[in-house]
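# Structure at a glance
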Amino acid sequence: MKTNNDDIFKSIIELQHTIMSAFYKRFLDNLDIPDQMNQTHIRTLHYLAIKGSTPMHKVSKRISLEKGSFTPVAKKLIELGYIVRIKDANDKRISFLELTDAGKKLTDGIHKLHSQYVEEKTKVLTGEEKELLISGMNTLTALMKKCR
């Protein structure tokens, strides 16, 4: 059976929707988000907690926002004291975003809740199915990196 680009496209859209719905969107919908913040702020903090200090343009790309749309998100998180902006020593056009201690404390709490949420969602899977899920996600990640 020959796979065409339309099949790949449909599979990507379905996979993205399924993963976001099952493991992230429903979690965020039920998360008690601090005042003055929204899900985009939480996704930004989540990304920085995982990746560490990251150029601002890369953070915006990873959370699927244009740089101009992301700037107010970063400014709000800076204003709230959850992140800092650090200029690159070699290239002043590049700003890195980094979690503050307050940002780390907030994301640590969210990660703990998210871990419990994922554990609850995957409780219906056998140990073998969980291993298959992890293996499949690792395979997809590796294949997608080749497509960049």
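Predicted, not measured: the structure shown is a model, and the values here were computed from it.

Turning to unusual backbone geometry, a few remarks are in order. Positioned with a positive phi, Gln-36 is a non-glycine residue whose angle comes to about 70°. Its place among the elements puts Gln-36 in the loop between α1 (5–30) and α2 (39–51).

Following the sequence through the fold, Gly-52 ends up in the loop between α2 and β1 (54–55). Separated by 46 residues in sequence, Gly-52 and Glu-98 place their C-alpha atoms 6.4 Å apart. If we skip the residues at most four places from it in the chain, Gly-52 touches Tyr-47 and Leu-97.

In this structure, the largest pocket encloses a volume near 1,900 Å³. Forming the walls of the largest pocket are 32 residues, and the residues nearest its centre are Gln-16, Ile-19, Met-20, Arg-62 and Thr-141. Among the elements of the structure, α1, α2, α3 (56–62), α5 (101–121) and α6 (127–146) are those that each provide at least two residues to the lining of the largest pocket. In terms of residues, the lining of the largest pocket owes the most to one element, α6, which gives nine residues. The residue makeup of the lining of the largest pocket, split by class, is 17 nonpolar, seven polar and eight charged.

Calculation rules
Residues numbered from 1 in each chain as written. Predicted model: local features only at pLDDT ≥ 70, side-chain atom pairs only at ≥ 80, totals over all residues. Heavy atoms only, no water. Helix = DSSP H or I, 4+ residues; strand = E, 2+ residues; numbered from the N terminus. Contact = heavy atoms within 4.5 Å. 1 Å grid on protein atoms, 1.4 Å probe; cavity = no way out; pocket = protein on both sides within 12 Å on 5 of 7 lines; lining within 4 Å. Points joined across faces, edges and corners; volume = space filled by probe spheres on them. Nonpolar A, V, L, I, M, F, W, Y, C, P; charged D, E, K, R; others polar.

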